[in-house]
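# Per-entry structural report
Residue-level listing of the chains:
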Amino acid sequence: MTNNYDCIAVGGGPASFFALLQLKQQHPTAKVLIVEKQHRALEKIYLSGGGRCNLTHACFDPKTLSQFYPRGSKELRGAFYHFQPSDTIAWFEDHGVRLKTENDGRVFPVSDRSESVADALLKAAKKHSIPVWTQTEVMQVTPKDQGFSLTLHNEEILFTKCLLFGSGGNRKTLKLIEKMGISVFPPVPSLFSFLIEHPILNACVGTPISNVRIELSELPFTQQGSIMITHEGLSGPAVLKLSAFAARELANRDYQQQLLVDWVPALNHEQVREKLTVQKTKENKKSIGGSPAFDGIPKKVWEALLKEIELESNLQWSQLSKVQMQNLIQILKETKFEIQGKSLHKQEFVTCGGVDLKTIDFRTMQSKEMAGLFFAGEVLDIDGVTGGFNLQNTWTTGYIAGNGMATLLR
């Protein structure tokens, strides 16, 4: 038996829901369907923000907003003029979800429950007669005249005029897309911590540092901000952001890479020398270990750095030699660590990879290579840093795809 649809969305994620809701808003009589292989839809929503659902970020300038995306920045800049965080906030509040903006700009439901966001999408889908088939896997897609034939796991065949992939970046779906002749980048992890074994870090587990600059040797990637020393190595916002921007390059190097840490990024080498010279004069009788020269470096880290260059903690500042001074400047400005791998967390589900953005018309989210084929969300080679940016990509591309499909069907 063949069932005919105007649009089928593969993947029961937020991108599919948002796109079909927009489509039905524009084209109420369209016959649509969402198919999801898992036992429930919207799994990403339930997991987002540790179960609280960080559904967007309070950044309302498209140019600034686009800079939070290691991949997709250029393409999203224009897209955000059509649908951005203020539109996301308005949509969810119009659908009964009260929202709050935290001090760091992240936007959550007031309930602090991801179910609030998922329920709003499910309720809207029901209102607009959008059926969701769970535990339904698409095994094959065959382009046909004026549409697509989909073969399901139970051998049922569906036909649709428009096909939307809003399925996230899982490998199986990307292979299905690749078989259709669409260019795809294989997915690799993004947003991860660095596995590093080093005496300095071993001595400072659990220590946060508010402002450092980190850089990957021989690669054009650097970040400045806060880090956290963990029992596995280094984590924290600056590390996660660096890992996101360098995700593909680090994967190519099998996560074996030298990392440089500048503990005093506000000062250059000469300014560090001046600061230490003042400290040497001012605190001449005090021990170097007992009177750190820089407020931003925790005492534990300061002592570990001294130990690494074999500088006795009880040495008086007045006894600091020129060679020791130079060694101290060098390690403060460029401590070298060897990254030995990545630390994957249970809730990590952001990937770098997906459908090649060059093949997509971002005015409609339709494939340039195949009419009637649309993409939205993380199935695209787009990923953002932490803070609600990945879901905002989902709402934006879903909104544009929904409008694009409505136009095509009309």
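Everything discussed here concerns the structure shown above.
Owing to the predicted nature of the structure, the values given are computational and were not obtained by experimental measurement.

The next thing to look at is the overall build of the protein. Check the secondary structure of the protein and you find 14 helices and 21 strands. With the C-alpha coordinates aligned to their principal axes, the bounding extent of the protein is approximately 90 × 40 × 35 Å. Here the protein, with 410 residues, has 54% of them falling under the buried criterion. Of all intrachain contacts in the protein linking residues separated by at least 6 positions in sequence, the fraction that spans at least 24 positions is 73%. Counting every atom, the protein has about 18500 Å² of accessible surface; 48% of that belongs to carbon and sulfur.

Counted according to the given criterion, the structure contains 15 aromatic pairs. Ring geometry for Tyr69 and Phe80: centres 5.8 Å apart, planes at 45 degrees, overall tilted. In this pair, Tyr69 is assigned in the loop between helix H3 (62-66) and helix H4 (73-79) and Phe80 in the loop between H4 and helix H5 (85-94), connecting sequence segments 11 residues apart. Owing to a relative accessible area of 2%, Tyr69 belongs among the buried residues under this scheme. With a centroid separation of 6.4 Å and an interplanar angle of 55 degrees, the aromatic rings of Phe294 and Trp302 are classed as tilted. The same class applies to Phe294 and to Trp302, which are both buried. Here the aromatic residues Phe18, Phe83, Trp91, Phe92, Trp395 and Tyr399 are joined through ring pairs into a cluster of three or more. Lys31 extends its terminal NZ or CZ atom over the ring of Tyr5, reaching a point 4.5 Å from the ring centre. Here the guanidinium or amino end of Arg40 rests over the ring plane of Tyr46, the centre of that ring lying 3.8 Å away.

By the bridge criterion, two bridges tie strand S3 (residues 56-57) to strand S5 (residues 106-109) in an arrangement that is antiparallel. Note on S5: the bridge partner recorded for His57 is Arg106. Direction of pairing for strand S4 (residues 99-101) relative to S5: antiparallel, over a ladder of three bridges. Each bridged residue has a counterpart across the sheet, and for Thr101 the counterpart in S5 is Val107. The hairpin formed by S4 and S5 contains four residues between the paired strands, and Gly105 there has a positive phi angle of roughly 95 degrees.

Glancing now at H5. All buried positions along H5 are accounted for by Pro85, Thr88, Ile89, Trp91 and Phe92. Considered in projection along H5, the buried side chains sweep an arc of 165 degrees and stay on one side of the axis. Positive backbone phi, at 90 degrees, marks Gly96, one or two positions downstream of H5.

A rise of 1.5 Å per residue sets the reference length of helix H11 (residues 269-282), with its 14 residues, at 20 Å; its end C-alpha atoms lie 20 Å apart and thus fit the reference within 8%. Burial in H11 covers these residues: Val272, Leu276 and Gln279. Here the buried residues of H11 occupy an arc of 55 degrees about the axis, which is enough to place them on one side. For H11, the exposed residues lying more than 90 degrees away from the buried face are Val278, Thr281 and Lys282. Buried residues along H11 sit against helix H12 (299-308) and helix H13 (322-333). The backbone nitrogen of Glu270 lies 3.1 Å from a side-chain oxygen of the residue at the head of H11, namely Asn268.

Below, the discussion takes up the state of the cysteines. Under the definition given, this model contains zero disulfides. With no disulfide of its own, Cys53 lies 18 Å from the sulfur of Cys59, the closest cysteine sulfur.

Looking at where Leu150 falls in the secondary structure, it is placed in strand S8 (residues 147-152). Judged by its relative accessible area of 0%, Leu150 is buried. As a C-alpha pair, Leu150 and Ala79 span 71 residues in sequence and 30 Å in three-dimensional space. Once residues lying within four places of it in the same chain are set aside, the contact partners of Leu150 are Ile8, Val10, Val138, Gln140, Val141, Glu156, Ile157, Leu158, Thr160 and Leu163.

On to the side chain of Ser193. Of note, Ser193 is situated in strand S11 (residues 193-195). A distance of 2.7 Å separates polar atoms of two side chains, one belonging to Ser193 and the other to Ser235.

Pairing is antiparallel across the open sheet formed by three strands, whose spatial order is S3-S5-S4. Both outer strands of the open sheet, S3 and S4, are each paired with one neighbouring strand and no more.

This next bit is on the nonpolar core. The nonpolar side chains of soluble globular proteins are, as a tendency, buried together. Core analysis: the biggest nonpolar cluster contains 85 residues, and Phe92, Leu121, Phe165 and Phe375 have the highest contact counts within it. Top element by residues in this core is helix H14 (residues 389-409). It accounts for eight residues. If you look at the next biggest cluster of nonpolar residues, it comprises 50 residues, including Leu219, Val239, Trp302 and Leu311.

Bringing the sheet that holds S11 into the picture now. The strand order across the open sheet built from seven strands is S16-S15-S12-S13-S14-S11-S17, with neighbouring strands paired in antiparallel fashion. Looking at which strands have only one partner, the edges of the open sheet turn out to be strand S16 (335-339) and strand S17 (341-343). The average undirected angle you get between the axes of adjacent strands in this sheet is 40 degrees. One ladder, built from three bridges, connects S11 with S17; its direction is antiparallel. When the bridges of S17 are listed, Phe194 appears paired with Lys342. Across the face of the sheet, H13 comes into contact with strand S12 (208-216), strand S15 (257-262) and S16 while running at roughly 110 degrees to S15.

Basis of the calculations
- Residues numbered from 1 in each chain as written.
- Predicted model: local features only at pLDDT ≥ 70, side-chain atom pairs only at ≥ 80, totals over all residues.
- Heavy atoms only, no water.
- Helix = DSSP H or I, 4+ residues; strand = E, 2+ residues; numbered from the N terminus.
- Buried < 20%, exposed > 50% of the residue type's maximum accessible area, 1.4 Å probe, protein only.
- Contact = heavy atoms within 4.5 Å.
- Areas by Shrake-Rupley, 256 points an atom, 1.4 Å probe, with all protein chains shown as cover.
- Phe/Tyr/Trp six-rings, centres within 6.5 Å; stacked < 30°, edge-to-face > 60°.
- Lys NZ or Arg CZ within 6 Å of the ring centre and 35° of its normal.
- Pairing = 2+ DSSP bridges.
- Arc of directions from axis to C-beta.
- Expected span 1.5 Å × (residues − 1).
- Polar contact = N/O pair within 3.5 Å; in protein donor to acceptor, adjacent residues only side chain to side chain.
- Disulfide = S-S within 2.5 Å.
- Core = buried A, V, L, I, M, F, W, Y, C linked by side-chain atoms within 4.5 Å.
- Axes fitted to C-alpha atoms, helices over the stretch in contact; angles between N-to-C directions.

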